[in-house]
Amino acid sequence: MEQVGSQLNQPTVPLRAALSARRRFSRARVFSWIVVALIALAMAAVPQVTTRSDVLNLLFLIFLFIVLGQSWNILAGFAGQVSLGHAALFGLGALTTRTLWFGGVPFPLAFAASGLVPAVCASLIGIPTFRLRGAYFSIGTLAIAEVLRITIANTLPLVSFLPVDMLATYELAPRYYLALALALATMLATYLLFRSRYGLGILAIREDEDAAQATGVRALPHKLAALVISSFFAGLAGSTYAFYQVSYYPEAPFHAGWTFDALLITFVGGVGTLIGPVLGAIFYIFVRERLAVTLVSLHPLIFGILFILIVLIFPGGLVDIGTRLRRAWNTRRASHSESRSAGK
Amino acid sequence: MWGLLRRTERSSQGHIDAAMLLKTEQVTKLFGGLTAVRGVNLSVREGEILGLIGPNGAGKTTMFNLITGFYRIDRGRIFFQDRDITRLGPADRCKQGIARTFQLVRPFQHMTLGENVAVGCVYGRVPATSRHDAEMRARAILELVGLADQFDAPAHNLTLMNRKRLELARALATQPFLLLLDEFLAGLNPSEVHVALELVRQLRASNITLILVEHIVEAVFGVSDRVIVLNVGEKIAEGSPAQVAADERVIDAYLGRGLHAHA
Ligand SMILES: Nc1ncnc2c1ncn2[C@@H]1O[C@H](COP(=O)(O)OP(=O)(O)OP(=O)(O)O)[C@@H](O)[C@H]1O
Ligand SMILES: [Mg+2]
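Note that the structure is a prediction, hence the values are computed from the model and not measured.

Chemist: It is not clear to me how the packing of aromatic side chains should be interpreted in this structure. Could you clarify?
Modeler: Each pair of aromatic rings is reported with the distance of its centres and the angle of its planes. All told, the structure shown has 21 aromatic pairs over all chains when counted by the stated rule. Consider the rings of F60(A) and Y244(A), whose centres lie 3.8 Å apart with planes at 15°: the pair is stacked. Taken together, the positions of F60(A) in helix α3 (residues 53-78) and Y244(A) in helix α11 (residues 219-245) put the pair 184 residues apart, joining distant regions of the chain. A ring pair is formed by F90(A) and Y241(A), whose centres lie 5.5 Å apart and whose planes are at 50°; its orientation type is tilted. Of the two residues, F90(A) is situated in helix α4 (residues 86-102) and Y241(A) in helix α11; the sequence distance between them amounts to 151 residues. Neither F90(A) nor Y241(A) differs from the other in exposure class; each is buried. The residue whose ring lies beneath R125(B) is F177(B), and the NZ or CZ to ring-centre distance is 4.0 Å. In this arrangement the basic side chain of R170(B) is found over the ring face of F108(B), its NZ or CZ atom lying 4.4 Å from the centre.

Chemist: How do you make sense of the coordination of the magnesium ion (ligand 2) when you look at a structure like this?
Modeler: Reference values for angles at a metal are 109.5 degrees in the four-donor tetrahedral case and 90 or 180 degrees in the six-donor octahedral case. All names here are of chain B. Summarising the metal site, the magnesium ion (ligand 2) is bound by the protein donors T61 (OG1) and Q103 (OE1), whose distances to it range over 1.9 to 2.3 Å. Taken as a pair, T61 in helix α1 (residues 60-67) and Q103 in the loop between β6 (98-100) and α3 (113-123) lie far apart in primary sequence, 42 residues in all. Given a relative accessible area of 26%, T61 falls into the partly exposed group.

Chemist: I tried to follow the site of ligand 1 on my own but got confused; where do I start?
Modeler: Residues and elements named next belong to chain B. Among the 15 residues in the neighbourhood of ligand 1, the closest are listed as N56, K60, T61, T62 and H215. Within the contact set of ligand 1, an oxygen atom lies 2.7 Å away from a side-chain nitrogen or oxygen of K60. Within the contact set of ligand 1, an oxygen atom lies 2.7 Å away from a side-chain nitrogen or oxygen of T61. Taking 630 Å² as the accessible area of ligand 1 by itself, protein coverage stands at 65%. Looking at the shell around ligand 1, the element that brings in the most residues is α1, giving 3 residues. Of the residues that constitute the shell around ligand 1, the class distribution is 6 nonpolar, 7 polar and 2 charged.

Chemist: Help me understand the pattern of salt bridges, please; the structure alone is not making it clear to me.
Modeler: Pairing is possible between side chains of opposite charge, provided their charged atoms come close. Residues and elements named next belong to chain A. Throughout the structure, instances matching the rule amount to 24 salt bridges over all chains. Taking the shortest distance from any N to any O, the salt bridge between R149 and E251 comes out at 2.6 Å. In this pair, R149 is assigned in helix α6 (residues 135-155) and E251 in the loop between α11 and α12 (256-269), connecting sequence segments 102 residues apart. The same class applies to R149 and to E251, which are both buried.

Chemist: I'm lost on the nonpolar core in this one. Help?
Modeler: Inside soluble globular proteins, nonpolar side chains tend to come together where they are buried. Core analysis: the biggest nonpolar cluster contains 71 residues, and V117(B), L142(B), L168(B), L179(B), L181(B) and L210(B) have the highest contact counts within it. The contacts of L168(B), once residues within four sequence positions are left out, are T101(B), V145(B), L179(B), L181(B), F184(B), L199(B) and L203(B). V67(A), W101(A), L180(A) and I265(A) belong to the second-largest nonpolar core, a separate cluster that totals 57 residues.

Procedures and definitions
Residues numbered from 1 in each chain as written. Chains lettered and ligands numbered in written order. Predicted model: local features only at pLDDT ≥ 70, side-chain atom pairs only at ≥ 80, totals over all residues. Heavy atoms only, no water. Phe/Tyr/Trp six-rings, centres within 6.5 Å; stacked < 30°, edge-to-face > 60°. Helix = DSSP H or I, 4+ residues; strand = E, 2+ residues; numbered from the N terminus. Buried < 20%, exposed > 50% of the residue type's maximum accessible area, 1.4 Å probe, protein only. Lys NZ or Arg CZ within 6 Å of the ring centre and 35° of its normal. Donors = N, O, S within 2.8 Å, 3.2 Å for Na, K, Ca; no water. Near = heavy atom within 4 Å. Polar contact = N/O pair within 3.5 Å; in protein donor to acceptor, adjacent residues only side chain to side chain. Areas by Shrake-Rupley, 256 points an atom, 1.4 Å probe, with all protein chains shown as cover. Nonpolar A, V, L, I, M, F, W, Y, C, P; charged D, E, K, R; others polar. Salt bridge = Lys/Arg side-chain N within 4 Å of Asp/Glu carboxyl O. Core = buried A, V, L, I, M, F, W, Y, C linked by side-chain atoms within 4.5 Å. Contact = heavy atoms within 4.5 Å.

Nothing here speaks to function; it is geometry throughout.
Structure, rendered in structure tokens:
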């Protein structure tokens, strides 16, 4: 018991340790904020430098898939509720925009509504669905999303709407900026959520729902909060897709493929990490676009193999590369300074 | 330093006249046809240490789950600080000041020790006002249990003793009036048991009311003011450690002839 006893007599130690830890941490934080700001500025400058639509399209897709992946990650990676119904949220966002915007509502209003509609629907469906745990929750959400997709496919006419005047005035740059802004907003919201006190409760629910409740965390409100935020951004991603694509079958954004894209991106990048969906989206879009051009029919197969390889080599996703590099660097530096002091 | 766990100082002199903190009335829990707990009356006064013992399957953990709100009660009522809490959920009971540890420790594996404890600081009886406030408090509590140097370490791959320390720290972070420890000593080697018992004594000094479930009977008798014995879901004895140790029914059901504990 000596340790405890002696620590009781030194109440200033933890305070000092806390302060120095904070200072060390905040320097790294300032650095990362600068890097983020530089990347955002560079991305914002791209349409000023080039009008090449292949470049802008590629970056647009990366931004869109960052939002798609991160919105799934909020619910599945951080809150631990592995939903397979994500496409329904994306689809509802797209459908809301399609309906309102083509119906004459100004796009900004339609865009806002496209975040709110999936969030409201999800919170209504979420209350009963969260009674399911683990795999039952995943299967339940998949079933709900498929029912919605089939309903949409059967009730809405199977036409890809072609609003002629909209196609005539179509410009890529506004789509590009919308997607960039949305990706940045999603990243910022995720960062702030998991730096907050509330984010701590969401993580605790993911780790162990019972232990979290024993520690004062109410399970349902935290799961619902994660679901609502996730749905909001998924819906905005759907809206951005509708704004970009303009002409598509109404059923298309409800397709389960969107869910699996989100899942793949998050797992390849690093599930439950802030930066994972970014790395995953970059990787996924680059590989997909390259393979689609060169190996039209083989690309799902090759992508599947690549995915398995990455998950095998880096079980934590691509973020693992960074962690391993840092660890290797730290041990090298440690052994370096050790050998130097030994040489003295 | 331990005083920081408690905002309200209560007189430490004797619990005879101290207020009733927890009271269960005729509490019953059924699992299908099995009656895990049958009509148990149990009460704890402020500042007291109550030992709860009995053979395997006696209903001790079930009793904890009923008190902390993890199981819905089938019959009976539970009062905490004279308020009826029978219908409150576990998180709300924690906020009222009831904390627990689990028989099999359950740390938040992929969070750091600091974050584990900060959860209790944010969501407990006295919520932290900011994440920073929570982290400062978490650090102080980890200091109390001897884990401060691992503040930023992840909670997986801790030794059993350190997992128990963490489990205790997380419960303490909620600033409980009443703390239920379920087999806190189980699985520890003799010298670790000694350390853990010292931690329990520190809790008593800080005036936290405790209910201990243990199979190491000598240890329970050593620290408890009062002992309740459960057998097949029923209370078969209650009294001071000496009274309980001499009780014929307790000897038959649990203790045996010598004072030997079951594993
Ligand atoms: N969730 C449950 N579902 C069904 N039966 C249960 C459940 N929890 C406990 N039981 C049963 O209730 C009885 C009491 O179990 P409990 O865990 O409370 O015993 P205990 O006194 O804590 O035993 P131990 O000393 O082994 O931990 C046992 O027969 C057990 O099998
Ligand atoms: Mg038990």
